Amino acid sequence: MTEIVGLRDALISQIDGCAAGAVARPGTEADAVDGVVPAIVAEPGSPEAVAAVLGWASDHGRSVVVRGGGTKLGWGPPVDAVDVLLSTRALNAVEAHRHGDLTATVQAGAILADVNAALAAHRQWLPLDAPHGERATIGGIVAANDSGPRRQRHGPPRDLIIGMTLARADGVRAKSGGIVVKNVAGYDLARLLTGSFGCLGVILTATFKLAPAAEASRTVQATLSEARQFAQVAAGLLARGATPTAVELAWPPPTMLLRFESIAAVAVQQAEQAAALVRDGGGGVTVLADADEAAAWRRHEARIFGGGGTIAKLVVLPSDLSATLARLDEAARGLSLDCEVVGRAGLGVLYLRLTGAASAQASLVRGLRGRIPAGRGSVVIRRADRELRSLVDVWGPVGDGLPLMRQVKRRFDPRGILNPGRGPGGL
Amino acid sequence: MPVDAQFLAELGRIVGPDHLVRDEGELSTYESDGLVSHRSRPRAAVLPETAGQVQAVVRLCRRVGVPFVARGQGTGLSAGALPHPDGVLIVMTRMNRVLDIDIPNQRITVEPGIMNLEVTRRVAPDGYYYAPDPSSQVICSIGGNVAENSGGAHCLKYGFTVHHVVGVEAILPDGEMIHLGGAAVDSPGLDLLGVLVGSEGTLAVVTKVTLRLLRRPESVRTLLAAFDSTDAAGNAVSDVIAAGIIPAAIEMMDRTTIRAAEAAVSPGFPAAEAVLIVELDGPQPEVAARFEQIEAICDRNQGWGVQVARDEAQRGRIWRGRKAAFAAMGRVAPSYYVQDGVIPRSKLPEVLRRIRDLERRSGLTIGNVFHAGDGNLHPLVCYDDAVEGQAELAEEVATEILSYCLDAGGSLTGEHGIGADKACHMPKMFDEADLATMRFLRRAFDPAELCNPDKLLPTPRLCGEVPGPYRAHPVEAAGVAERM
């Protein structure tokens, strides 16, 4: 306790010197990261203050975990201790919406839904629909390179980001990229930080290219007779030249949500074509619009992210989708696990929610990993209790790039203070 | 340690004596890339046929401490493949095979020496194509595209090389082979692939690339409209973006470049102050509706002489005119300097006015041909080598235009890269902390600094001890970002 008070006082005096200052206080149960109460919680009020906190932590060899909306704090290997929990929540402004350029610069602590509410004033949006959009922050979404169903059209954050300002582990601020949509000057550090899980630096602001809001949207809700049809429907749509913005599956039982956004005539026409495709295969369909459509998408997200248990991300090639689901079904039954799946049928990105004995879940994860050749997919555990995470590596094999990733980590964070041990590959 | 007879003999053993170039005359072929104002002859060039040979060459260089530079077709425009005078040039053109085509997953795996357009040719029968289409796509290689993160006319809608490379095999500067990404869309780990693409050959030598293929859109429509001023054309571009339309491409050419294109390939462009080429693709009804909107926008901005491509031949003719513009400048000027800068697309009219003032003041003709939809300018500064001092003046004028781009909040380069050409300009856009952070990355990959040294980042050897003064980036000046 004396040490914590000392730490806190030292940190507070450091931050007090900064222009916009920061709040620093001892951590409480409510601040727990993966069940571990941080010694200090710092909520910097300015980019300078973020940098000052990091500079101080670096000088004193104190570990720092960054928190935005707190929706991903349980990701990664189990935590032993957290010295400083750095909250970005006070840095939540949409700094610039250059609507004539279709770009925006947003502070890391801004919540995705708030950002999109602001951008809607000019009928534009940041085309990300990552889970927990009402709470998840831009910084967290970028740090995790997280995305949602409409990744099918717009890509993940790494495809949308055009610039970043960051605070380095040593407390120095730097930038990469800029505010223009096309730019190859210098190394693209914004992409490097995207998906780095807070282990290379702290994102201060991110600049994105935006998308115009679609004039109309329709979603086809399809009920299929068997999971094998997912891949057929996805391939059939694309073969017909359809331009869906989301091609989602959910299972069991096998259902799909197929979204079409464009001018009204196209959204309606393509939805009808998709409905016909499903009906021809013996499935049932409902075409949804407006409030019904929004509700269907909320239910879809909640199916995995609104429930308890383990969440894992399973990536395979689209051509391996059917075989993978069959194997998953068989393995889950054999291990007495409950397993629900949603995901991007057009891309081969699936999210699993597992419930059952930790040892059985670990067997299932190992079994899936064992069947995926290098470069053709992966299984990453996103959220799980400590028991499962101690039984199985959450990241799985990272490949022969791992030693180089360690070198990058060492250069960016030589003292190893940022999210230590929890980054991809255990960085 | 220098390149000596023993070193050369070892190189010859690795790639075979027929694929080691050490003759001074033959080496002169490789002394520049597409930016011929920068020249430097390597000590030797090798043309490996396998990744194993590349690896052995890199290992040898590393062991002896010899710098090495990888080169594809040498079409780059920033001296990114400029050889090191004490080093080895690794020419990748023999590694040009297609290794795998996977249509169900929309992937193709190729060696880096393959031509960009060849990738599309190989999958066209299945109804697919490779989206990034730099103007040099007939002769530029995928390896060079990966190094430069190449764009092209259609990157407005479809993105750059980085959006289409899903995996690579590469030889690190210490000779280790690594695999980043793969055929699947995501791989766990840091996104080193995302930063390797566009690293201008300074981080590794890529030996295999897996690319994403796109299905040919259902319909494509191409329109050309003439304008009485570049302002009017620029306003039309802004109006298109503001209307929430993202065409596949919006290109602008001005009077000088229209004349050059006419002289070279006779595309039948109107004699106007500016033309816009707008291409839409996607589902037929969407394209039709958007096309009407675009015609109305051109009309509202006093566009005239509208030509709509009625078939693939007419579309091809319009694009031939556009893509020939650089090379065609030779028809209207003895020499020209191609600049590559980026501005926010809403600033087009303002920056074009500044360029016109500069044209008047300098007395040099400045042609403009550019990717207007994404604000990527390619001013062509014309000069005559025979007139003393004009080449230097042209370079000064081109540099002045870059400062206009930075003033407007833009970038030093949109697609040609920094290379050796603009490395000393980097401090105009990035401060010492930014550059030091980029050096973290470089040193993680290449602690011995042997892989394409003196490119991308300013070095004392290249720029003198004191790099140019730092000026606040307009993003910072506007209070969008601050620094300590």
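Some words on the interface of chain A and chain B
- Taken together, the contact between chain A and chain B spans 77 residues of the former and 88 residues of the latter.
- Buried area between chain A and chain B, summed over both chains or domains, comes out near 6700 Å², and the portion from carbon and sulfur atoms is 62%.
- The interface formed by chain A and chain B includes six salt bridges.
- The residue Lys313(A) makes a salt bridge to Asp186(B) at a minimum N-O spacing of 2.8 Å.

Considering the pairing of strand E18 (residues 366-371) of chain B
Residues and elements named next belong to chain B.
- Burial within E18 is extensive, with six of its six residues counted as buried.
- The alternating pattern of E18 places Ile366, Asn368 and Phe370 on one face and Gly367, Val369 and His371 on the opposite face, and all of these are buried.
- Examined bridge by bridge, strand E13 (residues 249-254) and E18 share three bridges and lie antiparallel to one another. If you follow Met253 over to E18, its bridge partner there is Val369.
- In this sheet, strand E20 (residues 379-383) lies alongside E18 in antiparallel orientation, the contact comprising three bridges. When the bridges of E20 are listed, Gly367 appears paired with Leu380.

What to know about the domain arrangement of chain B
- When cut into domains, chain B gives domain 1 (5-91), domain 2 (99-215), domain 3 (221-407) and domain 4 (423-477).
- Distance from the C-alpha centre of domain 1 of chain B to the C-alpha centre of domain 3 of chain B: 37 Å.

A closer look at the nonpolar core
- The biggest cluster of nonpolar side chains holds 137 residues, and the ones touching the most others in it are Ile138(A), Met256(A), Leu258(A), Leu325(A), Val408(A) and Leu441(B).
- Apart from the residues lying within four places of it in its own chain, the contact partners of Leu258(A) are Arg218(A), Thr219(A), Val220(A), Val233(A), Leu237(A), Ala246(A), Val247(A), Ala274(A) and Val278(A).
- Among the nonpolar cores identified, the runner-up in size contains 42 residues, and Ala225(B), Val240(B), Cys298(B) and Leu348(B) belong to it.

What about the packing of helix H13 (residues 348-362) of chain B against helix H14 (residues 390-407) of chain B?
Residue and element names in this part refer to chain B.
- At their nearest, the axes of H13 and H14 sit 10 Å apart, and the two run at 155° to each other. Taken together, the axis directions place H13 and H14 in an arrangement best described as roughly antiparallel. In this structure, the crossing between H13 and H14 has a hand that is right-handed. Contact residues: H13 offers Val351, Arg354, Ile355, Leu358, Arg361 and Ser362, while H14 offers Leu393, Val397, Glu400, Ile401, Tyr404 and Asp407.
- Considering only residue class, the contact of H13 with H14 consists of seven nonpolar, one polar and four charged.

Parameters and conventions
- Residues numbered from 1 in each chain as written.
- Chains lettered and ligands numbered in written order.
- Predicted model: local features only at pLDDT ≥ 70, side-chain atom pairs only at ≥ 80, totals over all residues.
- Heavy atoms only, no water.
- Contact = heavy atoms within 4.5 Å.
- Buried area = accessible area lost by both parts, 1.4 Å probe.
- Salt bridge = Lys/Arg side-chain N within 4 Å of Asp/Glu carboxyl O.
- Buried < 20%, exposed > 50% of the residue type's maximum accessible area, 1.4 Å probe, protein only.
- Helix = DSSP H or I, 4+ residues; strand = E, 2+ residues; numbered from the N terminus.
- Pairing = 2+ DSSP bridges.
- Domains from an automatic or database assignment.
- Core = buried A, V, L, I, M, F, W, Y, C linked by side-chain atoms within 4.5 Å.
- Axes fitted to C-alpha atoms, helices over the stretch in contact; angles between N-to-C directions.
- Parallel < 35°, antiparallel > 145°, perpendicular 65-115°, else oblique.
- Left-handed = near helix turned anticlockwise from the far one by under 90°.
- Nonpolar A, V, L, I, M, F, W, Y, C, P; charged D, E, K, R; others polar.

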